[in-house]
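Geometric and topological summary
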Amino acid sequence: MGCQNSAIVPNDDNNNLKSQDLHPSTEKEESNTSRDNPSSTDEALQQLRDRIEEPGEVSTSYHMMSSSTILPSRMKTEEGFLVRRDPPESSLPESVMPVTELFNLICIGYRVPHISDPAYMLIIDCREISQYSDNHIVTARHYTALDEQRDCHLDTGGCNKFAVIVVYGESTEDAKAQEMYNRITEKDLYVQVVEGGFPEFNSFAPFLCTNKLLQTELERKANIITYPSVILKDALYQGSAVHAENKVVIDNLKITHIVNVTTEVGCPFQESCEYLHLKFADEGGANLFSVFERAADFIADALKQSGNRVMVHCVMGVSRSSSITISFLMKYFSMSLNDAYTFLKDRRSVAAPNTGFTHQLASYEEHLFGEKLTDPDEILFTAGPRVR
């Protein structure tokens, strides 16, 4: 789909524009009024309250709103506020790692993935050697290495140095994978079995499977790139400028829509992706609150169409993009700020909105739910120092 990277202007037939380019000092509503350019968070909050009723969302007692396969149904009170709901929980046992979590662990990193460090993660392939030689998850070792190779020799403590250990076979219940799982846990090491085994992971991320061994740091740096984190499987991703400027990443993940929350990065793939460009600096005083609604709606509208995939990015994938992702989770998954932050943090460990954005998200939470559910200072306290 084509799109033009131009500022929002009035549209005669009120159709959605292909590309939206927003700047805090120039942002306009399609009606070409100035009310969507508030000078402060307080003004923006009041404007949102003035427009509490959204088209198609008539507030009746616990009104159930429309949903899609990705977006859950939401409930509103008679006053028009969202009813908080708990985040979705995994049905998998603790011993099983979802393929999306393995993907995120492999791909996390700014320019170089953490998995380039040979001591970061040990992935054990428990299939037949011929299957392993033909294709396996990147950096995986064949299970025989636990008895034959010094750097991961199980009985002599070779596995103790790894931060993450996973095993996989042909399925979650694969007998050999269960055997290796038991052997590793007997050494008091934490290990998980990959959900669905190799077929499931290869179906989800074939570009992270190979017939190469990739054991050394140099080999890994030369053959593995970082990818944005999966927030919602096959739907929503969050990453950095490195991902936003890499055509391989965009194509492999089949990204169709991009929310660019930077002043520093352009929109290079307008022939294939629809952009929402929010030109904000990573400064606590920047009024990101003024575009929470528009950004959340842009993501939701995209995900209502089957096959669409959205990536949200800033420069580092830490603060601005996290704020936008959290605002979407709050509005369309009815999560509190604390729940949305935790949900995101579990999937992208570096996520950390700056102090100003965190307080703006708290104001947005009060706008959505009609009450304060989260103390933003508690989030800032538990988040620790930001990675820059």
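Residues numbered from 1 in each chain as written. Predicted model: local features only at pLDDT ≥ 70, side-chain atom pairs only at ≥ 80, totals over all residues. Heavy atoms only, no water.

Attention now goes to the pattern of salt bridges. Tallied over the full model, the rule gives 16 salt bridges. Lys-187 is the salt-bridge partner of Asp-155, the closest N and O atoms lying 3.3 Å from each other. Here Lys-187 lies in the loop between α5 (175–185) and β9 (192–194) and Asp-155 lies in the loop between α4 (145–148) and β8 (164–168), a separation of 32 residues in the sequence. Under the relative-accessibility criterion, Lys-187 is labelled partly exposed at 37%. One salt bridge connects Asp-297 with Lys-331, and the closest N-O pair in it is separated by 2.7 Å. Residue Asp-297 is found in helix α10 (residues 292–303), and its partner Lys-331 is found in helix α11 (residues 320–332); the two are separated by 34 residues along the sequence. (Salt bridge = Lys/Arg side-chain N within 4 Å of Asp/Glu carboxyl O. Helix = DSSP H or I, 4+ residues; strand = E, 2+ residues; numbered from the N terminus. Buried < 20%, exposed > 50% of the residue type's maximum accessible area, 1.4 Å probe, protein only.)

Moving on: the sheet that holds β8. A sheet is described by the order of its strands in space; here 5 strands give the open sequence β4-β9-β8-β5-β7, paired in parallel fashion. For this open sheet the edge positions go to β4 (96–97) and β7 (141–142), each flanked by a neighbour on one side alone. Judged from the 2 bridges that link them, β4 and β9 form a sheet pairing that is parallel. Within β9, the residue paired with Met-97 across the bridge is Val-194. (Pairing = 2+ DSSP bridges.)

Attention now moves to unusual backbone geometry. Although it is not a glycine, Leu-214 sits at a positive phi angle of roughly 50°. With respect to the helices and strands, Leu-214 occurs in the loop between β10 (209–210) and α7 (217–223). Here Lys-254, not a glycine, exhibits a phi torsion of approximately 60°, which is positive. Residue position: Lys-254 is located in the loop between α9 (247–253) and β13 (257–260). Lys-254 gets classed as exposed once you look at its relative accessible area, which sits at 56%.

This part covers the packing of aromatic side chains. Per the stated rule, a full pass over the model turns up 10 aromatic pairs. Relative to Phe-204, the ring of Phe-103 has its centre 5.6 Å away and its plane inclined at 75°; by these criteria the two rings are edge-to-face. Here Phe-103, found in helix α2 (residues 99–107), pairs with Phe-204, found in helix α6 (residues 197–204); they are 101 residues apart in sequence, far enough to count as distant. Per residue, the accessibility class of Phe-103 equals that of Phe-204, and both read buried. Seen from their ring centres, Phe-103 and Tyr-227 are 6.1 Å apart, and the 55° between their planes marks the pair as tilted. Here Tyr-227 lies in the loop between α7 and β11 (229–232) and Phe-103 lies in helix α2, a separation of 124 residues in the sequence. There is no split in this pair, since Phe-103 and Tyr-227 are both buried. Site record: aromatic cluster; members linked through ring pairs are Phe-103, Phe-204, Phe-207 and Tyr-227. The ring centre of Phe-198 lies 4.0 Å from the NZ or CZ of Arg-127, which sits over that ring. In this structure, Arg-347 is placed above the aromatic ring of Phe-343, and the distance from its NZ or CZ to the ring centre is 3.5 Å. (Phe/Tyr/Trp six-rings, centres within 6.5 Å; stacked < 30°, edge-to-face > 60°. Lys NZ or Arg CZ within 6 Å of the ring centre and 35° of its normal.)

Right, let's talk about the packing of α11 against helix α12 (residues 337–347) for a bit. Remark: α11 packs on α12, axes separated minimally by 9 Å, with the N-to-C direction vectors making an angle of 125°. Taken as axis vectors, α11 and α12 run oblique relative to one another. The way α11 lies across α12 gives a crossing that is right-handed. Where α11 abuts α12, its residues Ser-322, Thr-325, Ile-326, Leu-329 and Met-330 lie against Leu-337, Ala-340, Tyr-341, Phe-343 and Leu-344. Looking at the contact of α11 with α12, its residues break down into 8 nonpolar, 2 polar and no charged. (Axes fitted to C-alpha atoms, helices over the stretch in contact; angles between N-to-C directions. Parallel < 35°, antiparallel > 145°, perpendicular 65-115°, else oblique. Left-handed = near helix turned anticlockwise from the far one by under 90°. Contact = heavy atoms within 4.5 Å. Nonpolar A, V, L, I, M, F, W, Y, C, P; charged D, E, K, R; others polar.)

This part takes up the state of the cysteines. Taken as a whole, this structure holds 0 disulfides when the rule is applied. Between Cys-159, a cysteine without a disulfide, and Cys-152, which holds the nearest cysteine sulfur, the sulfur-to-sulfur distance is 5.6 Å. The buried category is assigned to Cys-159, whose relative accessible area is 1%. (Disulfide = S-S within 2.5 Å.)

The next subject is the confidence of the model for the chain. On average, the chain scores 86 in pLDDT, and the residues at 70 or more come to 81%. Segment residues 51–68: pLDDT under 50, and 43 contacts once partners within four positions in sequence are set aside and those in other chains are kept. (pLDDT = per-residue confidence, 0-100.)

With that settled, the discussion passes to the side chain of Glu-365. Examined against the element boundaries, Glu-365 turns out to sit in helix α13 (residues 355–369). Within the structure, Glu-365 has its side chain in polar contact with the backbone nitrogen of Leu-337 (distance 2.8 Å). Beyond its immediate chain neighbours, meaning those up to four positions away, Glu-365 contacts Met-330, Ser-336, Leu-337, Asn-338, Gly-370, Glu-371, Lys-372, Leu-373 and Thr-374. (Polar contact = N/O pair within 3.5 Å; in protein donor to acceptor, adjacent residues only side chain to side chain.)

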